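Residues per chain, in single letters:
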Protein chains: 4
Amino acid sequence: MTEDGDREEFGHNPVGHADIRAGMTVDDLARAYGDASIGARAVSEAVDVTAEMVGREDTTVFMGLAGAMVPAGMRTLVADLLRDGYVDALVTTGATLTHDAIEAIGGKHHHGREDHPERSAHEHDEQLREEGIDRIYDVYLPQEHFTAFESHLREEVFPALAGAETVGIQRLTAELGRANTAVNDREDIAAGPGIAAAAHHHDVPIYCPAIQDSVLGLQAWMYAQRSALTLDALADMDGLNDRAFAADRAGAFVVGGGVPKNFVLQTMLVVPGAYDYGVQLTMDPAETGGLSGASLDEARSWGKLEPDARNVSVYADATITLPLVVAAVRERLASGA
Amino acid sequence: MTEDGDREEFGHNPVGHADIRAGMTVDDLARAYGDASIGARAVSEAVDVTAEMVGREDTTVFMGLAGAMVPAGMRTLVADLLRDGYVDALVTTGATLTHDAIEAIGGKHHHGREDHPERSAHEHDEQLREEGIDRIYDVYLPQEHFTAFESHLREEVFPALAGAETVGIQRLTAELGRANTAVNDREDIAAGPGIAAAAHHHDVPIYCPAIQDSVLGLQAWMYAQRSALTLDALADMDGLNDRAFAADRAGAFVVGGGVPKNFVLQTMLVVPGAYDYGVQLTMDPAETGGLSGASLDEARSWGKLEPDARNVSVYADATITLPLVVAAVRERLASGA
Amino acid sequence: MTEDGDREEFGHNPVGHADIRAGMTVDDLARAYGDASIGARAVSEAVDVTAEMVGREDTTVFMGLAGAMVPAGMRTLVADLLRDGYVDALVTTGATLTHDAIEAIGGKHHHGREDHPERSAHEHDEQLREEGIDRIYDVYLPQEHFTAFESHLREEVFPALAGAETVGIQRLTAELGRANTAVNDREDIAAGPGIAAAAHHHDVPIYCPAIQDSVLGLQAWMYAQRSALTLDALADMDGLNDRAFAADRAGAFVVGGGVPKNFVLQTMLVVPGAYDYGVQLTMDPAETGGLSGASLDEARSWGKLEPDARNVSVYADATITLPLVVAAVRERLASGA
Amino acid sequence: MTEDGDREEFGHNPVGHADIRAGMTVDDLARAYGDASIGARAVSEAVDVTAEMVGREDTTVFMGLAGAMVPAGMRTLVADLLRDGYVDALVTTGATLTHDAIEAIGGKHHHGREDHPERSAHEHDEQLREEGIDRIYDVYLPQEHFTAFESHLREEVFPALAGAETVGIQRLTAELGRANTAVNDREDIAAGPGIAAAAHHHDVPIYCPAIQDSVLGLQAWMYAQRSALTLDALADMDGLNDRAFAADRAGAFVVGGGVPKNFVLQTMLVVPGAYDYGVQLTMDPAETGGLSGASLDEARSWGKLEPDARNVSVYADATITLPLVVAAVRERLASGA
């Protein structure tokens, strides 16, 4: 047999084969993926890179969060990342903040009647419309929760911002976090105060560049018809770019594509440095050329990543890979490994 | 043989087989797709629905445009849609406006050296970085064009907006269109003035909710550090929602997902009506639950589409399907069919 | 402005912008794609490479055909490619031959009741089962057609093969083509005799390596329970490999992945040469590492493509891209361009 | 707040939020997915259904295995499923058996030189060709291993089959398993004897309908040029269909699409019953209409699944989801839960 390991093209180890057994922990699984290749190996890399970026004190972590992650059940996971100091700034969508607040004030998302996710796509959306239920893939949300959300914003959130001066969007997300906490505590709601609340409590800024593009934004606009409320589209870039400028080292942890991904990455265009770490979890295809599915190597050509940055893209459903990566990273950090 | 056509489950016609021959026009091809099924049939439906929505005088058409559509070579196509009155409002990204302006003032996007798109992904992005070239899939853009773009904004665009008052983002896109036209005319640049210019000239508003999330937005922010420039994140919703409110009938023509898709769809949440027509061209998967790949039926449950709206989703690369649909629609309208 | 065109990294032309107008032919569209980039450019390349490979007399073209292409309405298109000498050997699935034969003998595939492909997925498959209808995405096929197909095989096809000796699978596909023609002529069925018939009539061999994996194969197996019929799994490789060996130049035109793709490509592992041309039309993702979505560059490392082969992969729905590419190629060949 | 749970459309529980913490086991993770929705919930369902089907003594489990699963590092996982009696019949590709045997006799698959899977796609495949290395996504395989594999087949495997009579393909896979074991034991090779060996030792038949479509098949063909070796394409259907007929209950566990998926499913077309359980792990899109990405509900219309079968499709990279599902199932079965 040849001495394969001596060839220059090869890595230091051959492909091992994942050893899968009862009772293994999630980090055991992640390490088994590391023996394997293709997508499994990418997950293993993602755990390695994420553990390094969140574990180093000198590294500022910017998280991008797109997709239906609160309806998907990732609300506690994300709130806990903020609470535990793993993330220093969060860029997300207005929809995420809307769904997060709905749960903070007592609303719930529901699984469809059928146990099988495949079947729930067969429900007639016209019928759901008649029953006052909004569908997000296999999740059903009663429209009345939006009414409660509107009251929450008008009574607890917007008045704190109203005034003659314009405010940045991040101020709104912070006030939302404060108000979500207050209502959640007052009414003792089991779901917990959630993402915006955790961000507010732990001084993690939440940036939401396209806030208009959500029910939260629609409500802000309706409120602004009669009251003084002006959101400055550009103001938040001060804070975000200052953080990027001040970072000794920087990491991008990107879940889904869209605006959150690009906004996290582009901040490096106006500071001298670039990301030292990059992880993205997405299933958007690269082949259409859009930013959402683009490889992080492409970002390197733009100077958004350092030439020697550690970066990895995991092409699979992030509702599956995000909990997996986070569980493994937490285990690794808890063990000091 | 049975009389299949009498069964209730069946449509009125069996699957025909696409008759493909030399010299057929693009609408001939679209009609051949109509005999076929699966994705081909979806394209045929998309042509039917789009032709109906843009051909009816009583229908207001809102177009969402995401993805790397200017680098992909769709700049003239989109500008012509605006010029010819097929689109009444455009929602797009800051990146689209950035790349559009770069060409308006004389910059160019380049094919990679290799003829084969597959190979260009093999280029080393580190090397491109050293050479000052940004990569968008198989398209190369010299970074120096961003310098010219910065000068353009600082000299021709932003000063027109600076003042004590805040302005809506759509005002910026209109000024950009004006300035692009001016420079393009003055310097007689072959590429033509482009999308923002066509919108400005034909009074089609361009909405760009996440303008911060682009080089255009970064430049606006840098300018605002020293000069009075405040962009109001909410102001544009007046105009967009007014148009939706005033529409006898409304159509959504959505290319790619992200903020443009959702912003087009959500405007129906604050007016009594909903879309009568919906077409989307995307390759994002539906199965991850994100908005980008979601079916338009899902939007029906939210009340964004009328219960009896005609809607169709084409799951394929929009850089391929957009020109195809537009060519067929143009042919059909030209022939009065 | 800089002289971008002098940079070594760049191709000879900048990205043009697709000029889309009423009445353009499909090849006009393909040429417009060639000015563009990303997926559009890939289609343009696919037309160029396909036109060259089918247009050269010295090139033997091997076509792989997977996916639901007959239910999708591509039966006439494929039959015409064989009839017109554009393809020298076809590798396909048993399902394709089954659906082709069902139409040859008078059966029909049906569009679902709903006009909108999106909605037809909402049909309850349990209900279809009760009604005796098989679903293929948005296509409905009455199960009774399989009964007619069984009679066809037992009366017209299998007896011609039965005997003491084993036969290759290609013999079965040829007999199927002969019998489809006979019944189609005799009963004057409008759908035409189809793919297997065209292959038989024009001496194009059809290879079907996984014939067992289809209703055709199940029927062959049932017949073989009582009659002497033995299909030799290996015998057809003689003919396929002889063709590859004898080819001055060789082209692979691959629609969909799976066994047809690999069987077309692997034949070059046992002859001195390799493919000079490679085109694939697929939407399977590359990132999972499977053969179906793998780039053709990967095949180059295996020696299945010549180092300087022209190759291109179009990642989009082949029910859309196949008719488009074929129409453009036919136009180009008809014009002698 | 409303009593959401009383609505008929809703399942019995609202969407919980995945509780992700250090040290959780893989089944803890799977249960956390069960509180969530979209893809995460599908994984949880897949674990539930798989645990039920493999845990019931009265259920015969048919596994389909496609894709580059041995290069991906899943060889031990699959072999252990066979060894432990979780799978009663395996349908796979010739490539899987080829890569499995290469490791059994001492060959190795290698990670590319780069640590980052993203980068390894940037390697020039021409260079790999010159160095005699075959690439499978991010896995490198020295071509010399195919030479060793050829010797193995010619010396240890094919002679056992040669003779005047035809043999079924499953006989070949069994002889391969026997020979792999013999060489692996004799040469004390660390990688272990693998999948075919486990199948042989535990009397699990391996069906490989498209065996011609692989290096294994090419070698069989070359051997048959000079020696008597005839593989009967239809013979194996006796055994597979007998098993399906004899099963009290039946389950389909399908990894990847292609021939293995369809061959597992179609066997129910010739027996009275149908699958009571169906799980598929794939990332192929459903929207192109091909069998690989088709939902299992579609199979229900064909009668391949019982009307009340439990079935679930997980749309994500199977190199990630297969180890996850198997680890959780093993844990659940070990705990008796």
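Rules used in this analysis
- Residues numbered from 1 in each chain as written.
- Chains lettered and ligands numbered in written order.
- Predicted model: local features only at pLDDT ≥ 70, side-chain atom pairs only at ≥ 80, totals over all residues.
- Helix = DSSP H or I, 4+ residues; strand = E, 2+ residues; numbered from the N terminus.
- Rg over C-alpha atoms; globule rule 2.2 N^0.38 Å.
- Least-squares fit on C-alpha atoms with pLDDT ≥ 70 in both.
- Contact = placed C-beta atoms within 7 Å.
- Expected span 1.5 Å × (residues − 1).
- Buried ≥ 20, exposed ≤ 12 C-beta atoms within 10 Å, placed from the backbone.
- Pairing = 2+ DSSP bridges.
- Core = buried A, V, L, I, M, F, W, Y, C linked by C-beta atoms within 7 Å.
- Axes fitted to C-alpha atoms, helices over the stretch in contact; angles between N-to-C directions.
- pLDDT = per-residue confidence, 0-100.
- Nonpolar A, V, L, I, M, F, W, Y, C, P; charged D, E, K, R; others polar.
- Right-handed = clockwise from strand over helix to strand, strands pointing away.
- Parallel < 35°, antiparallel > 145°, perpendicular 65-115°, else oblique.
- Left-handed = near helix turned anticlockwise from the far one by under 90°.

**Here's the deal with the overall build of chain A**
Of the regular secondary structure elements, chain A holds 14 helices and 12 strands. At 21 Å, chain A has a C-alpha radius of gyration in line with the 20 Å of a compact globule built from 337 residues. Along the first, second and third principal axes, the C-alpha atoms of chain A reach 80 × 50 × 40 Å.

**Here's the deal with the relation of the copies chain C and chain B**
Taken as rigid bodies, chain C and chain B are interconverted by a rotation of 180° and an axial shift of 0.0 Å, the fit giving an RMSD of 0.0 Å. The relationship between the two copies is best expressed as a two-fold rotation axis. Looking at the rotation axis and the C-alpha trace of chain C, the residue lying nearest is Thr25(C), at 1.9 Å. Residue by residue, 99% of the interface of chain C is reproduced at the interface of chain B, so both copies engage with the same surface.

**Some details on helix 8 (residues 169-187) of chain C**
Residue and element names in this part refer to chain C. The first and last C-alpha atoms of helix 8 sit 27 Å apart over 19 residues, in line with the 27 Å expected at 1.5 Å per residue. Restricting attention to buried positions, one finds in helix 8 the residues Ile169, Gln170, Leu172, Thr173, Ala174, Glu175, Leu176, Gly177, Ala179, Asn180, Val183 and Asn184. Backbone geometry just after helix 8 places Asp188 at a positive phi near 50°.

**Notes on the sheet that holds strand 3 (residues 89-92) of chain C**
Either a parallel or an antiparallel arrangement is found when strands of a sheet pair, and the pairing is made through backbone hydrogen bonds. Residues and elements named next belong to chain C. Taken in spatial order, the six strands of this open sheet run 8-3-2-10-11-12, and their pairing is parallel. At either margin of the open sheet sits one strand with a lone partner, and together these are strand 8 (206-207) and strand 12 (305-315). When strand 11 (residues 275-282) meets strand 12, the two strands line up parallel, connected through seven bridges. For Leu281, the partnering residue across the bridge sits in strand 12 and is Val314.

**Structural notes on the nonpolar core**
In this structure, Val43(A), Val43(B), Val43(C) and Val43(D) are the most contacted members of the largest nonpolar core, which totals 495 residues. Apart from the residues lying within four places of it in its own chain, the contact partners of Val43(B) are Ala30(B), Tyr33(B), Val314(B), Thr321(B), Leu324(B), Val325(B) and Ile320(C).

**As for the environment of Asp232(C)**
With respect to the helices and strands, Asp232(C) occurs in strand 9 (residues 231-232). Classification of Asp232(C) as partly exposed rests on a count of 19 C-beta atoms within 10 Å. As a C-alpha pair, Asp232(C) and Asp188(C) span 44 residues in sequence and 34 Å in three-dimensional space. When neighbours within four sequence positions are excluded, Asp232(C) is seen to be in contact with Thr166(C), Val167(C), Gly168(C), Thr230(D), Leu231(D) and Ala233(D).

**Some remarks on unusual backbone geometry**
Residue and element names in this part refer to chain B. Located in the positive-phi region is Ile38, a residue other than glycine, with phi close to 55°. Here Ile38 shows up in helix 2 (residues 38-55). Accessibility expressed as a C-beta count within 10 Å gives 30 for Ile38, which makes it buried.

**Here we look at the pairing of strand 6 (residues 139-142) of chain B**
Residue and element names in this part refer to chain B. Neither face of strand 6 is left uncovered, since the one carrying Val139 and Leu141 and the one carrying Tyr140 and Pro142 both have all their residues buried. Judged from the two bridges that link them, strand 4 (residues 110-112) and strand 6 form a sheet pairing that is antiparallel. Paired with His111 across the strands is Val139, a residue of strand 6. Examined bridge by bridge, strand 5 (residues 133-136) and strand 6 share four bridges and lie antiparallel to one another. Within strand 6, the position partnered with Arg135 by the bridge is Tyr140. In sequence, strand 5 turns back onto strand 6 through a hairpin of two residues, with Tyr137 there showing a positive phi of about 50°.

**Some words on the sheet that holds strand 8 (residues 206-207) of chain D**
All names here are of chain D. Taken in spatial order, the six strands line up as 8-3-2-10-11-12 in an open sheet, and their pairing is parallel. Every other strand in the sheet has two partners, leaving strand 8 and strand 12 (305-315) as the edge strands with one partner each. Pairing analysis gives two bridges linking strand 3 (residues 89-92) to strand 8, with the strands arranged parallel. Among the inter-strand pairings, Leu90 is bridged to a residue of strand 8, identified as Ile206. Here helix 12 (residues 258-266) sits on the sheet in contact with strand 2 (59-65), strand 3, strand 8, strand 10 (249-255) and strand 11 (275-282), set at roughly 155° to strand 2.

**Overview of the confidence of the model for chain A**
Chain-level pLDDT for chain A is 92 on average; 93% of the residues reach the 70-or-more range. The ipTM value of the predicted complex is 0.95, and its pTM value is 0.96.

**Some points on the environment of Leu81(A)**
Residues and elements named next belong to chain A. Checked against the element boundaries, Leu81 lands in helix 3 (residues 75-83). Put simply, Leu81 and Ala199 are 118 residues apart on the chain and 9.5 Å apart in space, counted from C-alpha to C-alpha. Those residues in contact with Leu81 that lie beyond four places of it in its chain are Tyr86, Val87 and Val326.

**Quick notes on the interface of chain C and chain B**
Taken together, the 82 residues of chain C in the interface contact 81 residues of chain B. Among the elements that take part in the side of chain C that touches chain B, helix 14 (residues 318-335) of chain C stands out by supplying 10 residues, more than any other. By residue class, the composition of the side of chain C that touches chain B is 39 nonpolar, 22 polar and 21 charged.

**Some thoughts on the pairing of strand 12 (residues 305-315) of chain A**
Within strand 12 of chain A, nine of the 11 residues are buried, leaving the element largely enclosed by the surrounding structure. This β-α-β element, strand 11 (residues 275-282) of chain A to helix 13 (residues 296-301) of chain A to strand 12 of chain A, shows right-handed connectivity.

**A few points about the packing of helix 4 (residues 94-104) of chain A against helix 8 (residues 169-187) of chain A**
Residue and element names in this part refer to chain A. One way to put it is that helix 4 packs onto helix 8 with a least axis distance of 9 Å and a crossing angle of 20°. It follows that helix 4 is roughly parallel to helix 8 by the angle criterion. Seen from above, helix 4 lies across helix 8 with left-handed handedness. Of the residues in helix 8, those in contact with Leu97, Ala101 and Ala104 of helix 4 are Thr173, Leu176, Asn180, Val183 and Asn184. Among the residues forming the contact of helix 4 with helix 8, the class breakdown is five nonpolar, three polar and no charged.

**Re helix 10 (residues 215-224) of chain A**
A turn of α-helix holds 3.6 residues, and therefore any two residues three or four places apart point the same way. Of all 10 residues in helix 10 of chain A, nine are buried; the element is thus mostly enclosed. Among all positions in helix 10 of chain A, only Val215(A), Leu216(A), Gly217(A), Leu218(A), Gln219(A), Ala220(A), Trp221(A), Tyr223(A) and Ala224(A) are buried.

**What to know about the packing of helix 7 (residues 144-157) of chain A against helix 8 of chain A**
Residue and element names in this part refer to chain A. Between helix 7 and helix 8, the least distance of the axes is 10 Å, while the angle of their chain directions is 105°. With respect to helix 8, the element helix 7 is oriented roughly perpendicular. The residues of helix 8 that touch helix 7, namely those facing His152, Glu156 and Val157, are Glu175, Leu176, Ala179, Ala182 and Val183. In the contact of helix 7 with helix 8, the residues fall into five nonpolar, one polar and two charged.

**As for the environment of Lys304(D)**
All names here are of chain D. The topology assignment puts Lys304 in the loop between helix 13 (296-301) and strand 12. The spatial distance from the C-alpha of Lys304 to the C-alpha of Leu269 is 6.4 Å, given a sequence separation of 35 residues. Non-local contacts of Lys304, meaning those with residues more than four positions away in its chain, are made with Leu265, Gln266, Met268, Leu269, Ala274, Tyr275 and Ala299.

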